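Tertiary structure, described
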Amino acid sequence: MPRLAANLSFLYNELPFLERFAAAAADGFAGVEFLFPYAWEADALAQALQQAGLQQVLLNAPPGGVDPASMAAAWDRGERGTACLPGRETEFRAGITEALRYAQALQCPRIHVMAGLVPPGADPATLHASYVHNLRWAAEQAAPQGCTLLVEPINPRDMPGYFLRHQAQAHAVVAEVGSSHLQVQMDLYHCQVTEGDVASKLHQYLPTGAVGHIQIASVPERQEPDGGELNYGYLLALLDQLGYTGWVGCEYRPRGGAAPGATRDGLRWRKMLLR
């Protein structure tokens, strides 16, 4: 049975962020993930994890910024990563250093590193070269900490202009970097929107050992995985059949939005799909 992690950037959004840990634990989650922790002190997050008895399984490196304040505000400024962007290497390295500091404080073994948006008129080969160079450096920094970095293809409907879109592209980059501390984060929602044929891609990529984390949501609504065009009962069973033992992040928007209890009410899908 897949190990499910609650994405606290998406779930329990009727609660203040630091209260979401206890809510996730009360609903039976053993692990949590979130996007960006940089608006909170690492010690406060570590305390919330410890009090709830949870494992932090994933966090994102800053999408931009050179200092803590600008890193915390980068997403709202429209930043979506700097890894592929020539000329922003100093910013990228500062972000990786900060992400590793948080990962160590939270005992988190995985960091998602966002690629960035393609600048108008940019040369794809130049962006690719910068991407590989930056990821190789970052993986070297992550290795002594025992941390694994992840790259994630993101669909162009949700994030127009994002550099990394396809599973094959992500796996080719990981192979080119050639580090055991770099893997692919396979979000089945993004995969379906961009490429489809999700089950075949699981058959193709899971046996390689290059998939380090999986996320789920319905398509097209990005809500609980018990509706839409993907059969998650089948796909989650397939993960077991293929021997996947990693975490599955629940990165979806509850149908009930921010109404009190919306996340908990929506969790009925676990009993329906995980049999």
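Now for a look at the structure at hand. Owing to the predicted nature of the structure, the values given are computational and were not obtained by experimental measurement.

Within the fold, Ser218 resides in the loop between strand S7 (211-216) and helix H9 (232-241). Classification of Ser218 as buried rests on a relative accessible area of 1%. Among the polar contacts listed, one links the side chain of Ser218 to the backbone nitrogen of Gln223, at a separation of 2.8 Å. Filtering out sequence-adjacent residues up to four positions away, Ser218 remains in contact with Tyr189, Gln223, Glu224, Pro225, Gly227 and Tyr232.

Ranked by size, the top nonpolar core spans 86 residues in total, and within it Phe21, Ile111, Tyr131, Leu202 and Ile214 carry the most contacts. Sequence-distant contacts of Phe21, that is, excluding residues within four places in its chain, are made with Leu8, Val32, Phe34, Leu45, Ala48, Leu49, Ala52, Leu54 and Gln56. Within the second largest apolar cluster, 5 residues are counted, among which are Ala5, Val57, Leu150 and Trp247.

Here we come to the packing of helix H4 (residues 89-106) against helix H5 (residues 124-142). Between H4 and H5, whose axes approach to 11 Å, the crossing angle comes to 30 degrees. Taken together, H4 and H5 sit at an angle that is classed as roughly parallel. Note that H4 runs across H5; the crossing there is right-handed. Residues Glu89, Phe92, Arg93, Ile96, Thr97 and Leu100 of H4 pack against His133, Asn134, Trp137, Ala138, Gln141 and Ala142 of H5.

What follows is about the pattern of salt bridges. Any two side chains of opposite charge can pair, given that their charged atoms come close. Scanning all chains against the criterion turns up 11 salt bridges. Ionic pairing is found between Arg101 and Glu98, a salt bridge with its closest N-O pair at 2.9 Å. Of this pair, Arg101 and Glu98 both sit in helix H4, separated by 3 residues, roughly a single helical turn. Between Arg222 and Glu251 there is a salt bridge; the shortest N-O distance is 2.7 Å.

Once that is clear, we can look at unusual backbone geometry. Excluding glycine, a negative phi dihedral is what most residues carry, and trans is how most peptide bonds are arranged. In this structure, the amide linkage connecting Val219 to the following residue, Pro220, adopts the cis form with an omega of 10 degrees. Within the secondary structure layout, Pro220 lies in the loop between S7 and H9. Although it is not a glycine, Gln107 sits at a positive phi angle of roughly 55 degrees. Along the chain, Gln107 falls in the loop between H4 and strand S4 (110-112). The exposure class assigned to Gln107 is exposed, which follows from its relative accessible area of 68%.

A few words now on helix H8 (residues 198-205). Regarding H8, the residues found buried are Val198, Lys201, Leu202 and Tyr205. Down the axis of H8, the buried set is contained in an arc of 105 degrees. They therefore lie on one face.

Calculation criteria
- Residues numbered from 1 in each chain as written.
- Predicted model: local features only at pLDDT ≥ 70, side-chain atom pairs only at ≥ 80, totals over all residues.
- Heavy atoms only, no water.
- Helix = DSSP H or I, 4+ residues; strand = E, 2+ residues; numbered from the N terminus.
- Buried < 20%, exposed > 50% of the residue type's maximum accessible area, 1.4 Å probe, protein only.
- Polar contact = N/O pair within 3.5 Å; in protein donor to acceptor, adjacent residues only side chain to side chain.
- Contact = heavy atoms within 4.5 Å.
- Core = buried A, V, L, I, M, F, W, Y, C linked by side-chain atoms within 4.5 Å.
- Axes fitted to C-alpha atoms, helices over the stretch in contact; angles between N-to-C directions.
- Parallel < 35°, antiparallel > 145°, perpendicular 65-115°, else oblique.
- Left-handed = near helix turned anticlockwise from the far one by under 90°.
- Salt bridge = Lys/Arg side-chain N within 4 Å of Asp/Glu carboxyl O.
- Arc of directions from axis to C-beta.

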